[in-house]
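Spelled out, the chains give:
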Amino acid sequence: MLEKIIILDFGSQTTQLIGRRLRELKEYCEIVPYNKFPENTDNIKGVILSGSPFSVYDPTAFSTDLNIFSGKFPVLGICYGAQFMVHEAGGKVEAAGSREYGRANLSSIAPGDELFKGINPGSQIWMSHGDSITQLPDRFKKVASTEDVELAAYRIEGEKTWGVQFHPEVFHTLDGMLILENFLNICDCKRDWSPASFIETTVNELKAQLGDDKVVLGLSGGVDSSVAAVLLNKAIGENLTCIFVDHGLLRKNEFETVLKDYEHLGLNVIGVNARDYFYGLLKGVSEPEKKRKIIGSAFIDVFDKEAHKIKDVKWLAQGTIYPDIIESLSITGTTIKSHHNVGGLPEKMNLRLCEPLRLLFKDEVRKVGTELGMMRHLIKRHPFPGPGLAVRILGDITPEKVRILQDADDIFINGLREWNLYDKVWQAATILLPVQTVGVMGDERTYENAVALRAVTSTDAMTADWAQLPYEFLAKVSNDIINKVKGVNRVVYDISSKPPATIEWE
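Residues numbered from 1 in each chain as written. Predicted model: local features only at pLDDT ≥ 70, side-chain atom pairs only at ≥ 80, totals over all residues. Heavy atoms only, no water.

Draft legend 1. Geometry of the packing of aromatic side chains. Summed over the entire model, instances satisfying the criterion amount to 18 aromatic pairs. Centroid distance F10 to Y80: 5.4 Å. Interplanar angle 45 degrees. Geometry classified as tilted. Placement of the pair is F10 in the loop between β1 (4-9) and α1 (15-24) and Y80 in helix α2 (residues 80-88), with a sequence separation of 70 residues. We classify Y80 as buried; its relative accessible area is 1%. (Phe/Tyr/Trp six-rings, centres within 6.5 Å; stacked < 30°, edge-to-face > 60°. Helix = DSSP H or I, 4+ residues; strand = E, 2+ residues; numbered from the N terminus. Buried < 20%, exposed > 50% of the residue type's maximum accessible area, 1.4 Å probe, protein only.)

Draft legend 2. Representation of the side chain of T437 within the structure. The topology assignment puts T437 in strand β15 (residues 427-441). At a separation of 3.0 Å, a polar atom in the side chain of T437 contacts the side chain of R490. (Polar contact = N/O pair within 3.5 Å; in protein donor to acceptor, adjacent residues only side chain to side chain.)

Draft legend 3. Quick look at the packing of helix α5 (residues 223-236) against helix α11 (residues 362-371). α11 packs onto α5 with a crossing angle of 40 degrees between their chain directions and a minimal axis gap of 10 Å. For the element pair α5 / α11, the angle class is oblique. Crossing of α5 over α11 shows left-handed handedness. Mapping the contact onto sequence places V223, D224 and V227 in α5 and K362, V365, R366, V368 and G369 in α11. Looking at the contact of α5 with α11 residue by residue, the classes come out as four nonpolar, one polar and three charged. (Axes fitted to C-alpha atoms, helices over the stretch in contact; angles between N-to-C directions. Parallel < 35°, antiparallel > 145°, perpendicular 65-115°, else oblique. Left-handed = near helix turned anticlockwise from the far one by under 90°. Contact = heavy atoms within 4.5 Å. Nonpolar A, V, L, I, M, F, W, Y, C, P; charged D, E, K, R; others polar.)

Draft legend 4. A look at the confidence of the model for the chain. For the chain, per-residue confidence averages 89 on the pLDDT scale, and 92% of positions sit at 70 or higher. Across residues 332-340 the pLDDT falls below 50, and counting only partners more than four positions away or on other chains, this stretch makes 18 contacts in the model. (pLDDT = per-residue confidence, 0-100.)

Draft legend 5. Quick peek at the nonpolar core. L217, L249, L357, F412, L416, L469 and I481 are the most contacted members of the largest nonpolar core, which has 91 residues in total. When residues of this core are assigned to their parent elements, the largest contribution, nine residues, is made by α5. With residues up to four places along the chain from it excluded, the contact list for F412 reads A428, A429, T430, L453, R454, A455, L469, F473 and V477. (Core = buried A, V, L, I, M, F, W, Y, C linked by side-chain atoms within 4.5 Å.)

Draft legend 6. Seen up close, the packing of helix α13 (residues 399-418) against helix α14 (residues 471-484). Here α13 crosses α14 at 150 degrees, and the two axes come no closer than 9 Å. When the axis of α13 is compared with that of α14, the two are roughly antiparallel. The two elements α13 and α14 cross, and the hand of that crossing is right-handed. Contacts between α13 and α14 involve A408, I411, F412, G415 and L416 from the former and F473, V477, D480, I481 and K484 from the latter. Class assignment for the residues of the contact of α13 with α14 results in seven nonpolar, one polar and two charged.

Draft legend 7. Main features of the sheet that holds strand β10 (residues 214-219). Sheet architecture is open: five strands sit in the order β12-β11-β10-β13-β14, paired in parallel fashion. Edge positions in the sheet fall to β12 (269-273) and β14 (352-354), since each of these pairs with one other strand and no more. Pairwise comparison of adjacent strand axes, ignoring direction, gives a mean angle of 30 degrees for this sheet. Together, β10, β11 (240-246), β13 (313-317) and β14 form the strand contacts of α5, whose direction differs from that of β10 by roughly 160 degrees. (Pairing = 2+ DSSP bridges.)

Draft legend 8. Seen up close, the pattern of salt bridges. Taken as a whole, this structure holds 26 salt bridges when the rule is applied. For E24, the salt bridge identified is with R21, shortest N-O distance 3.1 Å. Of this pair, E24 and R21 both sit in helix α1, three residues apart, which is roughly one turn of that helix. A single salt-bridge network, built from bridges that share partners, covers R20, R21, E24 and D363. (Salt bridge = Lys/Arg side-chain N within 4 Å of Asp/Glu carboxyl O.)

Draft legend 9. Examining unusual backbone geometry more closely. Residue P499 is reached from K498 by a cis peptide bond, and omega for that bond is -10 degrees. Within the secondary structure layout, P499 lies in the segment after β18 (488-493). Cis geometry is found at the peptide bond from P499 to P500, where omega equals 10 degrees. Here P500 is to be found in the segment after β18. Positioned with a positive phi, D188 is a non-glycine residue whose angle comes to about 60 degrees. We classify D188 as exposed; its relative accessible area is 55%. Of note in the backbone geometry, D312 takes a positive phi value of approximately 60 degrees without being a glycine.

Listed below in structure tokens is the structure:
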């Protein structure tokens, strides 16, 4: 059984980053809600308590029963997690005179402390909290300070328990990875998680879970569903049937191209052209969430019809990954966007759900795909939304708008490849704007559509920066789109980062 660190999520924006850092250190970990500590603890090596947007003394603050794991496993509390342990033990946590946010430096470190092994005074850390620990309970001993924060870190005597009032998981804490590595050493972790070990473990689990049952999987053409399909194919072979539905909102020629790619992978794939059906349902619909729901519902109908042609299917497989789950419903209950995989389908078809990638981040999915021997261009494909171009056409959907956007997008994406920029960008998209602008072509005035180009850099889609593409490239693409795509006379470039903007426009 694979050993793991449990991360209790109290709602911090950086909880997922803690998980990513541990995976980078080759230790498997799972993020669970603050009040859902696993009942089976056989393979748990340690526990991390995340930060939170709450104050520990807020009546609505998240809390957990520390007795479940305190003293039984090594524990690291980060920011709110550190303050929560102090608060529960009778110490004092009070509002800081001013919010402690940004870079700071450790001014003192207790000699010989295991968590801070190899770290010297002066090391830069990142603070982000409005409260401070002002008094430690009995058995809690200070181990580190900054110039402004006396109790920047502590340890509980008699336990392998630490608390830090800064964020070791963020880039600006320069020795943060070393702190997390020290914690893994305290937990006596083997640190043997890798794409190869994930494949071995997951294939064995899928064989045990699925047995001789038949499985259907909805392919999107993207890396997530493709890797899920190859992984399942490795586990159950011919008992897997993949269905690839063309809702008419894919990239230009993508349906035909992707089907050819899947032939090379040896997958059993059924291709379904349902473009006219989707266009009919979307006619006149402009509201983004309504478009998503129509596409999701229509996908269920088409998929259900095709799946019923296969006898004795018992499972539905999806390429769900961690960010899908995180962004569908946060720990604080705020929905950012509907789950890109289709809710309701397992219930309607009376199928059980299989999601072999649900605990992986996007870059980890790509590493697993590489380990599985998949073609590079499939693995390196940019993320693409489930509703496809529907969320890149602002306003209602028409076949003509789809044609315009597909043609413009094709020039942009192929241009990125030709200029060797595609792999330097996390995701690129063209957005058809719901405005028309005045232009001049030859001696005639035009009144046509504007498109926005969007390209971002990221590692996991949780945060993203706009890509600083060369001016010469942008000029060439803009000129090509305006000259070659009938219906477009203006191109703009989106320079918004996430947050506050999302990667997609809808």
